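# Breakdown of the fold
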Amino acid sequence: MTPLGLDIARLIALEGPISLERYMGLALGDPRYGYYMTRDPLGAQGDFTTSPEISQMFGELIGLWCADLWLRMGQPEKLSLVELGPGRGTLMQDVLRATKNVIGLHRALSVTLVEMSPVLRETQRQTLVSCGVPVDWHEDISALPEQPTLVLANEFFDALPVRHYQRVHQHWHQRMVGLDTDNHLAFGLAAEPEHALKLEAPEGTLLEIGLIGDRIMADLSAHIARFGGAGLVIDYGHTRSGFGETLQAMKHHAFTGPLDAPGEADLTTHVNFERLAQMATAQGLIVAGSTTQARFLAGLGIVERTARLIKSAAPEQAKDVEAALVRLTDPSEKGMGSLFKVLGLRHPDMPEPAGFN
Ligand code: SAH
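Described in the following lines is the structure provided in the data block. (Residues numbered from 1 in each chain as written. Predicted model: local features only at pLDDT ≥ 70, side-chain atom pairs only at ≥ 80, totals over all residues. Heavy atoms only, no water.)

## Overview of the overall build of the protein chain
Put simply, the rule reads: In this description a helix means any DSSP run of H or I spanning at least four residues, a strand means any run of E spanning at least two, and both kinds are numbered starting from the N terminus. Using C-alpha atoms as the atom set, the radius of gyration is obtained and then compared with a globule rule of 2.2 Å times the number of residues to the power 0.38. The buried label goes to any residue with under 20% of its type's maximum accessible area, the exposed label to any with over 50%, and the partly exposed label to all in between, with areas taken from a 1.4 Å probe on protein chains only. Two residues form a contact once any of their heavy atoms are found within 4.5 Å.
Of the regular secondary structure elements, the protein chain holds 13 helices and 16 strands. Expected size for 357 residues packed as a compact globule is a radius of gyration near 21 Å; at 21 Å, the protein chain falls within 12% of this value. With the C-alpha coordinates of the protein chain rotated into their principal frame, the extents come out at 65 × 45 × 40 Å. By the burial criterion, 53% of the 357 residues in the protein chain qualify as buried. Restricting to contacts in the protein chain with at least 6 residues of sequence separation, those with at least 24 account for 76%.

## Describing the packing of aromatic side chains
Heads up, the rule is: Classification of ring pairs rests on two measures: the distance between centres of Phe, Tyr or Trp rings, Trp counted by its six-membered ring, which must be within 6.5 Å, and the angle between planes, read as stacked under 30 degrees, edge-to-face over 60 and tilted in between.
Tallied over the entire structure, the rule returns five aromatic pairs. Both rings, one in Phe156 and one in Phe157, keep their centres 5.3 Å apart while their planes meet at 85°; by these two values the pair is edge-to-face. Of the residues examined, Phe156 reaches a relative accessible area of 14% and is grouped as buried. We classify Phe157 as buried; its relative accessible area is 6%. The interplanar angle of 75° and the centroid separation of 5.4 Å between the aromatic rings of Tyr236 and Phe340 together place this pair among those described as edge-to-face. With Tyr236 in strand 10 (residues 229-238) and Phe340 in strand 16 (residues 340-346), the pair connects residues that are 104 residues apart, well separated along the chain.

## Remarks on the site of the ligand
Rules: Neighbouring residues are identified by heavy atoms, a residue being near a molecule or strand if any of them is within 4 Å of it. Here a polar contact is taken to be a pair of N or O atoms separated by no more than 3.5 Å, where protein atoms must pair a possible hydrogen donor with a possible acceptor and residues adjacent in sequence count only if both atoms sit in side chains. Accessible areas in this description were obtained via Shrake-Rupley with a 1.4 Å probe; residue shielding takes into account the shown protein chains only. Asp, Glu, Lys and Arg are counted as charged, while Ala, Val, Leu, Ile, Met, Phe, Trp, Tyr, Cys and Pro are counted as nonpolar; the rest, among them Gly, fall into the polar class.
Among the 18 residues in the neighbourhood of the ligand, the closest are listed as Thr50, Gly85, Gly87, Glu115 and Asn154. Between Gly85 and the ligand, the recorded distance is 2.7 Å, taken from a backbone N or O atom to a nitrogen atom. Taking Met116, its main chain carries an N or O atom lying 3.4 Å from a nitrogen atom of the ligand. Coverage of the ligand by the protein amounts to 93% of the 570 Å² it exposes when considered alone. For the shell around the ligand, the class distribution of residues is 11 nonpolar, five polar and two charged.

## As for the packing of helix 4 (residues 56-72) against helix 11 (residues 302-311)
Stated formally: Lines fitted to C-alpha atoms define the axes, with helix axes restricted to the stretch in contact, and inter-axis angles between N-to-C directions lie between 0 and 180 degrees. The cut-offs work like this: below 35 degrees is roughly parallel, past 145 is roughly antiparallel, 65 to 115 is roughly perpendicular, and the gaps in between are oblique. Note on convention: near helix rotated counterclockwise from far helix by under a right angle means a left-handed crossing. Clockwise means right-handed.
Closest axis-to-axis distance for the helix 4/helix 11 pair is 11 Å, and the angle between their directions is 125°. The orientation of helix 4 with respect to helix 11, classified from their angle, is oblique. Classified by chirality, the crossing of helix 11 by helix 4 is right-handed. Contacts from Met57, Glu60, Leu61 and Leu64 in helix 4 reach Ile302, Arg305, Thr306 and Leu309 in helix 11. Here the contact of helix 4 with helix 11 is built from residues that sort into five nonpolar, one polar and two charged.

## A word on helix 11
Condition: Note that the arc is defined by the directions from the helix axis to the C-beta atoms.
Buried within helix 11 are the following residues: Ile302, Arg305 and Thr306. Looking straight down helix 11, one finds its buried side chains confined to an arc of 100°; they lie on one side. Within helix 11, the exposed residues directed more than 90 degrees away from the buried face are Arg308 and Lys311. On its buried face, helix 11 is in contact with helix 4, helix 10 (293-299) and helix 12 (315-329).

## Considering the pattern of salt bridges
Inclusion rule: In the sections that follow, a salt bridge refers to a side-chain nitrogen of Lys or Arg positioned within 4 Å of a carboxyl oxygen of Asp or Glu.
For the coordinates displayed, the defined rule picks out 17 salt bridges. Across the pair Arg22 and Glu15 runs a salt bridge whose closest N-O atoms are separated by 3.5 Å. Arg121 is the salt-bridge partner of Glu139, the closest N and O atoms lying 3.7 Å from each other. With a gap of 18 residues between them, Glu139 in the loop between strand 4 (135-138) and strand 5 (149-154) and Arg121 in helix 7 (residues 118-128) connect regions that are remote in the sequence. We classify Glu139 as exposed; its relative accessible area is 56%. The exposure class assigned to Arg121 is partly exposed, which follows from its relative accessible area of 23%. Among the charged side chains, a network of salt bridges with common partners joins Glu60, Asp94, Arg97 and Arg305.

## Description of the sheet that holds strand 12 (residues 254-256)
The following threshold applies: When DSSP finds at least two bridges between two strands, those strands are taken to pair.
The antiparallel open sheet is built from three strands, whose spatial order is 12-11-13. Each edge of the sheet is formed by a strand with only one pairing partner; in this case those strands are strand 12 and strand 13 (266-268). Taking each pair of neighbouring strands and ignoring which way they run, the sheet shows an average axis angle of 40°.

## Quick notes on the side chain of Thr268
If you trace the backbone, Thr268 turns up in strand 13. Leaving out residues up to four positions away in the same chain, Thr268 has contacts with Asp158, Tyr236, Thr246, Leu247 and Gln248.

## Section: the nonpolar core
To keep things clear, this is the line we draw: Side-chain atoms within 4.5 Å are what join buried Ala, Val, Leu, Ile, Met, Phe, Trp, Tyr and Cys residues into a set we call a nonpolar core.
One finds Ile62, Trp65 and Leu81 to be the most contacted residues of the largest nonpolar core, which totals 45 residues. No other element matches the nine residues that helix 4 contributes to this core. Contacts of Ile62, omitting those with residues within four sequence positions, involve Leu91, Val95, Leu152, Leu232 and Ile234. Counting 26 residues, the second largest nonpolar core, distinct from the first, contains Leu28, Tyr36, Phe48 and Leu247.

Right, here's the structure in full:
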């Protein structure tokens, strides 16, 4: 058992079983032992690799997406660029490098990074120390700058805690984390049903609900509705709500049990893009997509960009660039090009963003 696992077992022994949502919150965000709080999980040495870490093209194209919108929205004098869960700061670094020569943009820009991890905040600071644009860190989205805002979130929503419910005798019971007879963490169901959940479903059906993600999306959308702007949410997930659960734990690029190593394995779920889109439209925003990452990147010109990079690259480098293109846009069922979806959101006064048609 991990040190955090022992803490959680003690907590459960004292207070009784805890919800999956609370368990995930502790496993990922516990100030002392939480997974993101204690390490940089990204890259070959870590537990998973993300699109910006695969290729600079990803961030560069998103940078051009931002610059294009800024130009077409009339080049406002102040623009806040917000990134949720910036990891190592690689995406933001590539965005800023790619937009350096857009006249006036960097003078208008201020960057806000929303990051809960002190370790990653320090990595981001080092990555962006000489980026030439003011950078500020926030722990959450509660006090974003009150001006037009572009929001970027790559692999952020998948990292937020969720609740599970199971259908038993025509009621929904919340999935809890308790202790088995050997005092190991084990899943169980709450004795009392959740009467507020009215959905009909066959006996045994599982339901996954991301209330924390819903709240963040609603608040972000309210911010954009008030101050203007747009956003991009990129993550693995599904385009339609459905039953079933998608919780997974990853350690050193391999799957492990979600209760096996709290604090030492990444816990994620697939993002429900239909739900996120509903949250945005409920606040008066217009959504684009979701579309697949393959289609979005193709729409932004990743093929042309690859060709240009290859032209000026040494043969070894050229092979890497070509491999990155294939990996980011792989359209097969489990490839990043189709598993990853992109959702655009914007204030009704904003022009239509690139990459969605
Ligand atoms: N976007 C980066 C990193 C993805 S990993 C990339 O694509 O490479 C998830 C990121 O979200 C990490 O930076 C993690 O510390 C951060 N994070 C997870 N949950 C968070 C929360 N509730 N509040 C703020 N940041 C969070």
